[in-house]
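Here are the chains, one letter per residue:
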Amino acid sequence: MTKTMTKGAVKLPLNEIIDGDCVEVMRSLPAESVDLIFADPPYNLQLRGDLHRPDNSKVDAVDDHWDQFDSFKAYDQFTKDWLAAARRLLKPNGALWVIGSYHNVFRMGAELQNQGFWILNDVVWRKSNPMPNFRGKRFTNAHETLIWASKSEAGKYTFNYEALKALNEGVQMRSDWVIPLCTGHERLKDEAGDKAHPTQKPEALLHRILVGTTNPGDVVLDPFFGTGTTGAVAKMLGRDFIGIEREAAYREAATKRLSKIRKFDREALEVSASKRAEPRVPFGQVVERGMLRPGEELYSARGQRAKVRADGTLIGNDIKGSIHQVGAHLEGAPSCNGWTYWHFKRDGKLVSIDILRQQIRAEMDDTRPH
């Protein structure tokens, strides 16, 4: 699972954790080879001394060496370098997510725009169980900010709108997400029983991101892999991942974690798609295949009638045209969805012609490679 990259490597190391500096490793990978990047970079928290609770017990805050930079200038150069390397890796229609706190997210946002990324949304991850502010001198930090950006303004990024709507009980997904911090059985511990990583992200957060902005088979890169949340969720959801992590302890924890993950079956990976994403079926195909015959009558729910013609058009009263045009004319409406407007009779009952379209679509789906 863990691998060290050598200079000149060109093969995409799918579903592996690479040992090395994220900028150097990303520069060694093939350009325009990744569909999505999720990045959880060091926050540069600028902590000054230890933080204690009211009972004087020490808070397990982020004080690791990888989060410490000599100056804002040094952090900005680091941000510039890894974002440039990341942008090179993204496919033309690829996208990137970054997550940060108030310490760094604004600096990253400016650099994203400097480099030509197109910001699509900022998302507030509101933690339902945030760490209290023990000193009582500021507001409790109850959220982090994510930025979602396409590679360019013209990029045709993936956005599974209907799937996200389904995740949200049929309501359009908003840009404020209430998700708890990583706790309980999901929180990885080391041999001493301490947190394996101070800022392990919850799988629920990555689940929403990957379901919403990638498709099965996409390649997802995480240049700050940590203990592998991105890889774990990607594996479950049938996406390929590439992880980059220079800390040996994190790579070891991630490797153990990923070895226990199983991919969901193909049927379970399918998500609700937009009607626009479904393959187009001309009404003429229904006639060509004999599902409806020329001369057969169609009916609207309000009693309007029209006859099917051999070329897939309809004739009704004084109008000839497509199923949509004839329906609109008969209703005196500017437009009409003929697939839902028209019905045929079977055993004395009205049946929507959309049933025939769905049958053709199902057959088209069965012939596509899986």
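Looking at an unreviewed UniProt entry, the chain carries the name Methyltransferase, with the source organism given as Albidovulum litorale. Checking UniProt for the chain, the heading Catalytic activity (unreviewed entry) contains the comment "a 2'-deoxyadenosine in DNA + S-adenosyl-L-methionine = an N(6)-methyl-2'-deoxyadenosine in DNA + S-adenosyl-L-homocysteine + H(+)".

With that out of the way, let us pick up the overall build of the chain. Secondary structure assignment for the chain yields twelve helices and 15 strands. By residue count, 44% of the 370 residues in the chain fall in the buried class. When contacts within the chain are restricted to residue pairs at least 6 apart in sequence, those whose partners lie at least 24 apart make up 66%. If you sum the accessible surface of the chain, you get close to 20,200 Å²; carbon and sulfur atoms cover 49% of it.

Following the sequence through the fold, Thr 145 ends up in strand 6 (residues 143–150). Among the residues examined, Thr 145 registers a relative accessible area of 14% and is labelled buried. Contacts of Thr 145, omitting those with residues within four sequence positions, involve Val 98, Ile 99, Gly 100, Val 105, Asp 122 and Val 123.

Moving on, we get to the nonpolar core. Trp 97, Leu 146, Trp 177, Leu 205, Ile 209 and Leu 210 are the most contacted members of the largest nonpolar core, which totals 35 residues. Mapped by element, the contributors of at least two residues to this core are strand 3 (34–39), strand 4 (90–100), strand 5 (118–126), strand 6, helix 4 (161–167), helix 5 (203–213), helix 6 (229–236) and helix 7 (248–259). Residue contributions to this core peak at five residues, all from helix 5. Sequence-distant contacts of Leu 146, that is, excluding residues within four places in its chain, are made with Phe 38, Trp 97, Val 98, Ile 99, Asn 121, Asp 122, Val 123, Trp 125, Leu 205 and Ile 209. Among the nonpolar cores identified, the runner-up in size contains 30 residues, and Cys 22, Met 26, Ile 37 and Ala 149 belong to it.

Here we come to the pattern of salt bridges. Tallied over the full model, the rule gives 15 salt bridges. Across the pair Lys 127 and Glu 144 runs a salt bridge whose closest N-O atoms are separated by 2.7 Å. With Lys 127 in the loop between strand 5 and strand 6 and Glu 144 in strand 6, the pair connects residues that are 17 residues apart, well separated along the chain. Judged by its relative accessible area of 12%, Lys 127 falls in the buried class. Overall, Glu 144 belongs to the buried group, its relative accessible area being 8%. With its nearest N and O atoms 3.6 Å apart, the salt bridge here joins Arg 305 to Glu 297.

Okay, the pairing of strand 5 next. Sheet topology note: the strand 5/strand 6 ladder contains eight bridges and is antiparallel. Pairing of Arg 126 across the sheet is with His 143, part of strand 6. In terms of strand pairing, strand 5 meets strand 7 (residues 176–178) through three bridges, oriented parallel. Each residue of the ladder has a partner; that of Arg 126, found in strand 7, is Val 178.

A few words now on the packing of helix 2 (residues 72–89) against helix 3 (residues 105–114). The relative placement of two packed helices is expressed as an angle between their axes plus a distance between the axes. Their axes nearest at 10 Å, the elements helix 2 and helix 3 cross at an angle of 45 degrees. In terms of orientation, helix 2 and helix 3 fall into the oblique class. As helix 2 runs across helix 3, the sense of the crossing is right-handed. For the pair formed by helix 2 and helix 3, the contact residues are Phe 72, Asp 76, Thr 79, Lys 80, Trp 82 and Leu 83 on the first element and Arg 107, Met 108, Glu 111 and Leu 112 on the second. Split into classes, the residues belonging to the contact of helix 2 with helix 3 amount to five nonpolar, one polar and four charged.

Right, let's get into helix 10 (residues 323–331). Where helix 10 is concerned, the buried positions are Ile 323, Val 326, Gly 327, Ala 328 and Leu 330. On its buried side, helix 10 packs onto helix 9 (283–288), strand 11 (305–308), strand 12 (314–316), strand 13 (319–321) and helix 11 (338–341). Gly 332 occupies a position one or two residues after helix 10 and carries a positive phi of about 65 degrees.

Looking now at the packing of aromatic side chains. This model, assessed by the stated rule, comprises eleven aromatic pairs. A centroid spacing of 5.7 Å and a plane angle of 15 degrees characterise the contact between Phe 225 and Phe 241, whose relative ring orientation is stacked. One end of the pair, Phe 225, is in the loop between strand 8 (219–222) and helix 6; the other, Phe 241, is in strand 9 (residues 240–244), and 16 residues separate them in sequence. No difference in accessibility class separates Phe 225 from Phe 241, as the two residues are buried.

Examined against the element boundaries, Asp 35 turns out to sit in strand 3. A relative accessible area of 17% places Asp 35 in the buried class. Within polar-contact distance, the side chain of Asp 35 engages the side chain of Lys 91 at 3.1 Å. In contact with Asp 35, other than residues within four places in its own chain, are Leu 90, Lys 91, Gly 94, Ala 95, Asp 218 and Val 219.

This brings us to the pairing of strand 3. One face of the sheet, then the other: side chains in a regular strand alternate in exactly this way. Counted residue by residue, strand 3 has six buried out of six residues, so it is predominantly covered. By the bridge criterion, five bridges tie strand 3 to strand 4 in an arrangement that is parallel. Note that in strand 4 the partner of Leu 36 across the bridge is Ala 95. Of the strand pairs in this sheet, strand 3 and strand 8 are connected by two bridges, and their pairing is parallel.

Once that is clear, we can look at helix 3. All of the buried residues along helix 3 are Val 105, Met 108, Gly 109, Glu 111 and Leu 112. Down the axis, helix 3 shows its buried residues gathered within 165 degrees of arc, on one side only. Facing away from the buried side of helix 3 by more than 90 degrees, the exposed set consists of Phe 106, Gln 113 and Asn 114. Summarising the contacts, the buried residues of helix 3 are in contact with helix 2, strand 4, strand 5 and strand 6. Two residues or fewer past helix 3, Gly 116 is found with a positive phi of approximately 100 degrees.

Rules behind the numbers
Residues numbered from 1 in each chain as written. Predicted model: local features only at pLDDT ≥ 70, side-chain atom pairs only at ≥ 80, totals over all residues. Heavy atoms only, no water. UniProt positions renumbered as here; feature names shortened; annotations may be inferred. Helix = DSSP H or I, 4+ residues; strand = E, 2+ residues; numbered from the N terminus. Buried < 20%, exposed > 50% of the residue type's maximum accessible area, 1.4 Å probe, protein only. Contact = heavy atoms within 4.5 Å. Areas by Shrake-Rupley, 256 points an atom, 1.4 Å probe, with all protein chains shown as cover. Core = buried A, V, L, I, M, F, W, Y, C linked by side-chain atoms within 4.5 Å. Salt bridge = Lys/Arg side-chain N within 4 Å of Asp/Glu carboxyl O. Pairing = 2+ DSSP bridges. Axes fitted to C-alpha atoms, helices over the stretch in contact; angles between N-to-C directions. Parallel < 35°, antiparallel > 145°, perpendicular 65-115°, else oblique. Left-handed = near helix turned anticlockwise from the far one by under 90°. Nonpolar A, V, L, I, M, F, W, Y, C, P; charged D, E, K, R; others polar. Phe/Tyr/Trp six-rings, centres within 6.5 Å; stacked < 30°, edge-to-face > 60°. Polar contact = N/O pair within 3.5 Å; in protein donor to acceptor, adjacent residues only side chain to side chain. Arc of directions from axis to C-beta.

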